[in-house]
Amino acid sequence: MASKLAYFDKKLFLWINEIVDRHPIVDYFILLIGSDYLVPMSLTLVLVGLWFSNTNRIYREQQQIYVFIALISMALSSLSVLIINSLYARPRPFEILEEATLIFYEPTDPSFPSNAAASVFAICLSIWPLSKKLSLLMIIAGSLMVISRTAAGVHYPSDVIAGIIIATMITFLVNYLSTFAKPILTAVIRLARIFCCA
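These numbers were taken from a predicted model, which means no experiment stands behind them.

Colleague: Whenever I open this one, the overall build of the chain confuses me. Can you help?
Modeller: Along its length, the chain carries 8 helices and 0 strands. When the helices and strands of the chain are listed from N to C terminus, the series reads α-α-α-α-α-α-α-α. Judged by the C-alpha coordinates and their principal axes, the chain covers about 60 × 35 × 25 Å. Sequence separation of 24 or more characterises 77% of the internal contacts of the chain that already satisfy a separation of 6 or more. Of the accessible surface of the chain, which amounts to about 11,300 Å², a share of 72% is contributed by carbon and sulfur atoms. Within the chain, the 12 negative side-chain charges are centred at a point lying 18 Å from the centre of the 14 positive side-chain charges.

Colleague: What's the story with unusual backbone geometry in this structure? I'm lost.
Modeller: The phi torsion of most residues other than glycine is negative, and most of the peptide bonds are trans. A cis amide bond links F112 to the next residue, P113, at an omega of -10°. In this model, D21 sits at a positive phi of 65°, which is unusual for a non-glycine residue. Counting through the fold element by element, D21 comes out in the loop between α1 (2-17) and α2 (24-34). Assessed through its relative accessible area of 55%, D21 is described here as exposed.

Colleague: I'm lost on the pattern of salt bridges in this one. Help?
Modeller: Between side chains of opposite charge, a pair can form when the charged atoms approach closely. Using the criterion set out here, one finds 6 salt bridges in the structure. We note a salt bridge from E99 to K10, for which the minimum N-O separation is 3.9 Å. One end of the pair, E99, is in the loop between α5 (93-96) and α6 (115-126); the other, K10, is in helix α1, and 89 residues separate them in sequence. For E99, a relative accessible area of 46% gives the class partly exposed.

Colleague: What should I look at first to understand helix α4 (residues 57-87) in this one?
Modeller: Because an α-helix packs 3.6 residues into every turn, residues spaced three or four apart end up facing the same way. A rise of 1.5 Å per residue sets the reference length of α4, with its 31 residues, at 45 Å; its end C-alpha atoms lie 45 Å apart and thus fit the reference within 8%. Structurally, the start of α4 carries an N-cap: the backbone nitrogen of I58 is 2.9 Å from a side-chain oxygen of N56.

Colleague: Would you mind going over the nonpolar core with me for this structure?
Modeller: By size, the foremost hydrophobic cluster in this structure holds 31 residues, and its most contacted members are L43, L47, V120 and I127. Taken together, the elements giving at least two residues each to this core come down to α3 (38-52), α4, α6, α7 (132-151) and α8 (157-194). With 8 residues, α6 is the largest single contributor of residues to this core. Ignoring any residue separated from it by four or fewer positions in sequence, one finds I127 in contact with L47, L50, Y66, A70, L134, S135 and M138. Counting 8 residues, the second-largest nonpolar core is a separate cluster that includes I16, V20, I103 and A151.

Colleague: What should I look at first to understand α8 in this one?
Modeller: Taking 1.5 Å of rise per residue, the 38 residues of α8 would be expected to cover 56 Å, yet its terminal C-alpha atoms sit only 46 Å apart, more than 12% below that figure. Where α8 bends most, at A181, the angle is about 70°, and the proline P183 comes one to four residues later.

Colleague: I tried to follow the packing of α3 against α6 on my own but got confused; where do I start?
Modeller: In a packed pair of helices, the relevant descriptors are the angle between the two axes and the axis-to-axis distance. Packing of α3 against α6 brings their axes to within 11 Å, and their N-to-C directions diverge by 30°. Taken as axis vectors, α3 and α6 run roughly parallel relative to one another. The interaxial crossing formed by α3 with α6 has left-handed handedness. Contacts between α3 and α6 involve V39, L43 and L47 from the former and V120, I123 and C124 from the latter. Class assignment for the residues of the contact of α3 with α6 results in 6 nonpolar, no polar and no charged.

Colleague: It is not clear to me how the packing of α4 against α6 should be interpreted in this structure. Could you clarify?
Modeller: Relative to each other, α4 and α6 sit at 160°, their axes nearing to 8 Å. In terms of orientation, α4 and α6 fall into the roughly antiparallel class. The handedness of the crossing between α4 and α6 is right-handed. Contacts from Y66, I69, A70, S73, M74, S77, S78 and V81 in α4 reach N115, A118, S119, A122, I123 and S126 in α6. Looking at the contact of α4 with α6 residue by residue, the classes come out as 8 nonpolar, 6 polar and no charged.

Rules used in this analysis
Residues numbered from 1 in each chain as written. Predicted model: local features only at pLDDT ≥ 70, side-chain atom pairs only at ≥ 80, totals over all residues. Heavy atoms only, no water. Helix = DSSP H or I, 4+ residues; strand = E, 2+ residues; numbered from the N terminus. Contact = heavy atoms within 4.5 Å. Areas by Shrake-Rupley, 256 points an atom, 1.4 Å probe, with all protein chains shown as cover. Lys, Arg positive; Asp, Glu negative; His and termini not counted. Charge placed at Lys NZ, Arg CZ, Asp CG, Glu CD. Buried < 20%, exposed > 50% of the residue type's maximum accessible area, 1.4 Å probe, protein only. Salt bridge = Lys/Arg side-chain N within 4 Å of Asp/Glu carboxyl O. Expected span 1.5 Å × (residues − 1). Polar contact = N/O pair within 3.5 Å; in protein donor to acceptor, adjacent residues only side chain to side chain. Core = buried A, V, L, I, M, F, W, Y, C linked by side-chain atoms within 4.5 Å. Bend = angle between axes of the 7 residues up to and from the residue. Axes fitted to C-alpha atoms, helices over the stretch in contact; angles between N-to-C directions. Parallel < 35°, antiparallel > 145°, perpendicular 65-115°, else oblique. Left-handed = near helix turned anticlockwise from the far one by under 90°. Nonpolar A, V, L, I, M, F, W, Y, C, P; charged D, E, K, R; others polar.

Structure follows, in structure tokens:
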């Protein structure tokens, strides 16, 4: 069963990876969308916007709590990936597959699970209870990013799926626990408001 999944994972990777190194414009957009900057910085700006927007203090405070949830979920998802990486160091596809085409820089950390997928989706999914429309737009952006990184030769599809699963589990847990930690988060926000930071 495991060998069949590995075979399918490899075939799917090669099928996605086939689109690169053929047309410079396609490669340019894959590198742009899959970069460490465009989508992560866009999501950061969304969080900053949520933190400072809304003139209604009650609604703004609710938004700020979800920003906290997003940041905590992202940090814990990245930590989970780091722990898994220390136990299982899966080589990147470009390191072991002769057919793979790499158009990205060569990452030095293990391939499985995808830290980019875990971090980005932790942020995207955290906003779902606050605004499903905004969260969906963020999920679309995150999906384009991780697909682009797979096409660029950096990840297997299973790396990305595992990262998304980790993000989903962590985000669900943090959202659940936040109901108990809400008084603490609210106190921190009100303290930040004294210094004009919230």
